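# Coordinates in review
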Amino acid sequence: MAFRVNTSSEPKITQETGFHAKTSKLTKNFINYNGYWLANNYTKYGAVKEYTSCRESAIVTDLSPLRKFEILGPDAENLLQQIFPRNISKVKIGRCSYQFACYHDGGMISDGLLLRLEKNKFWFAQGDGHLYSWYKAHSKNLDVEIKDPNVWVSQIQGPKSLKLLEKLVDQPLKNSFNYFDWVETSIASEKVIISRTGFTNELGWEIYLRPEND
């Protein structure tokens, strides 16, 4: 399948995420989301059982089709403050923040999760909405780089998600792992970033795998 970013752009072939080799063994029911194949539901379970599992136990899903941006440089915070209405300076290293990008009249472009990795380095993971041109338009005369960090995102959600996560990580998670914190830890000796976040209204975690991960 191919898709167009807008009506005037060239078609792009739908891509596979880093987890597609695994998810494609569990279902053939995929949809195109942001140019990637995303499992719609799994053959053995179905939408109702998957929803119930999220509410009563735990689920694992592929969030890789989310659009991800890395905003890097001395003026990164300055640029983001022009994009988002919330105070970016309050987002400390090791913390995340829910943010929404707005037009000048207040209309929303997109929303998502902002992670502050370093003083001048941020990641933003969003759903629909084309923010790249909006970043570029506001970055004129700023010392900042905007790029795709090439990360894959998976999530564990549900009331038993912590029990599952604790079996996966190589060392115990710190007790002070608060909502909207992120930590760097390891799974199967691979360093990953895990944030205590999610959009299911249940206890949950999102796992970021970088290009150097297996």
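This brings us to the side chain of Q157. In this structure, Q157 sits in strand β11 (residues 152–157). Classification of Q157 by relative accessible area gives buried; the value is 0%. A polar contact of 2.6 Å, which involves the side chain of Q157, links it to the side chain of T200. With residues up to four places along the chain from it excluded, the contact list for Q157 reads C54, S57, A58, I59, T197, G198, F199, T200, E202, L203, G204 and W205.

Let us look at the nonpolar core. Among the nonpolar cores identified, the biggest contains 18 residues, and I71, L80, F84, L131 and Y135 are the most heavily contacted of them. No other element matches the four residues that helix α3 (residues 76–83) contributes to this core. Residues in contact with I71, not counting those within four places in the same chain, are A76, L79, L80, N120, K121, F122, F124, Y135, V144 and E145. Counting residues in each nonpolar core, the second largest holds 14 residues, with L63, L66, L115 and Y208 among its members.

Moving on, we come to the packing of aromatic side chains. Counted by the stated rule, this structure contains nine aromatic pairs. Relative to Y132, the ring of F69 has its centre 6.4 Å away and its plane inclined at 15°; by these criteria the two rings are stacked. One end of the pair, F69, is in strand β6 (residues 67–72); the other, Y132, is in helix α4 (residues 132–138), with 63 residues separating them in the sequence. Looking at Y132, the relative accessible area reads 41%, which means it is partly exposed. Look at F84 and F124: their rings are 4.9 Å apart centre to centre, the planes differ by 50°, and that puts the pair in the tilted class.

The phi dihedral of N150 is positive, around 60°, even though this residue is not glycine. Looking at the element boundaries, N150 is found in the loop between β10 (145–147) and β11. With relative accessibility at 41%, the residue N150 sits in the partly exposed group. Positive phi is not limited to glycine here, since F180 has a value of about 75°. Structurally, F180 can be placed in the loop between α5 (161–168) and β12 (182–187). A relative accessible area of 17% means that F180 is categorised as buried.

The rules behind each value
By convention here, each chain's residues receive numbers from 1 onward along its written sequence. Local features in this predicted model are restricted to residues whose pLDDT is 70 or higher, and side-chain atom pairs enter the listing and the counts only when it is 80 or higher, whereas totals over whole chains, interfaces and linings include all residues. For the side-chain quantities, the full set of heavy atoms in the structure was used; hydrogens and water were omitted. Helix and strand definitions follow DSSP, with helices as H or I runs of at least four residues and strands as E runs of at least two, each counted in order from the N terminus. Under the scheme applied here, a residue whose accessible area is under 20% of the maximum for its type counts as buried, over 50% as exposed, and between as partly exposed, the area being computed with a 1.4 Å probe on protein chains only. Here a polar contact is recorded for every N or O atom pair within 3.5 Å, except that within protein the pair must consist of a potential hydrogen donor and a potential acceptor, and residues adjacent in sequence are included only if both atoms are side-chain atoms. Any pair of residues with heavy atoms lying within 4.5 Å of one another is described as a contacting pair. In plain words, nonpolar cores are sets of buried Ala, Val, Leu, Ile, Met, Phe, Trp, Tyr and Cys residues tied together by side-chain atoms within 4.5 Å. Each Phe, Tyr or Trp ring, with Trp reduced to its six-membered ring, pairs with another whose centre is within 6.5 Å; inter-plane angles below 30 degrees give stacked pairs, above 60 give edge-to-face pairs, and intermediate values give tilted ones.

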